[in-house]
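# Inside the fold
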Amino acid sequence: MMDEEHHILFYTKEGCCLCDEAREILHRLRGRFSITIQEIDITTDSALYERYRNIIPVVIIDGQFSLGARIEEEDLCRYLQEGAEGFHE
C-alpha cells in the first residue's frame, strides 16, 4: 500500500453502466491505496456535460493522469503504484 494520498476526480452520470463499473473499481482500490474520490455528475454543469458526455466515465488522478470511457483496474493500479514517471501506455 502506498503512503502518498492520491486525489481522484471521477466524472460520471446516472444510468451509465461503464460509470458503475468504474465506481466499483475505485472503491476496491480504496483498500489498497490511499485515495480520496470526488465524484462529479456531469449533468449538473452544462460545460462539463459538453466536455465529457461522450467519454464518461472519466477519472483524473492528481490532476495529471486521466482515463476515459472504459476504465481498466490494471491501468489505475499501475499509475497509483508508479506515478506519472513510471506509467507508459
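Before reading on, note that the structure itself is shown above.
Procedures and definitions
- Residues numbered from 1 in each chain as written.
- Predicted model: local features only at pLDDT ≥ 70, side-chain atom pairs only at ≥ 80, totals over all residues.
- Heavy atoms only, no water.
- Helix = DSSP H or I, 4+ residues; strand = E, 2+ residues; numbered from the N terminus.
- Expected span 1.5 Å × (residues − 1).
- Buried < 20%, exposed > 50% of the residue type's maximum accessible area, 1.4 Å probe, protein only.
- Arc of directions from axis to C-beta.
- Phe/Tyr/Trp six-rings, centres within 6.5 Å; stacked < 30°, edge-to-face > 60°.

This part covers helix α1 (residues 17–29). One turn of an α-helix holds 3.6 residues; hence residues three or four places apart share an orientation. Over its 13 residues, α1 runs 19 Å from end to end, which matches the ideal 18 Å to within 8%, given 1.5 Å per residue. Here α1 has its buried residues at C19, A22, I25, L26 and L29. Looking straight down α1, one finds that the buried residues subtend no more than 120 degrees of arc, so they occupy a single side. For α1, the exposed residues lying more than 90 degrees away from the buried face are C17 and E24.

Any pair of aromatic rings gets described here by the distance separating the centres and the angle formed by the planes. If you walk through the whole model with that rule in mind, you get 2 aromatic pairs. The interplanar angle of 25 degrees and the centroid separation of 4.4 Å between the aromatic rings of Y11 and Y52 together place this pair among those described as stacked. On the criterion of sequence distance, the pair formed by Y11 in strand β1 (residues 6–12) and Y52 in helix α2 (residues 46–52) is long-range, its members being 41 residues apart. Of the two residues, Y11 and Y52, both sit in the buried class. Judged by centre distance (4.5 Å) and plane angle (5 degrees), the rings of F65 and Y79 are stacked. Here Y79 lies in helix α3 (residues 73–86) and F65 lies in strand β4 (residues 65–68), a separation of 14 residues in the sequence. Exposure remark for F65: the relative accessible area of 10% places this residue in the buried category.

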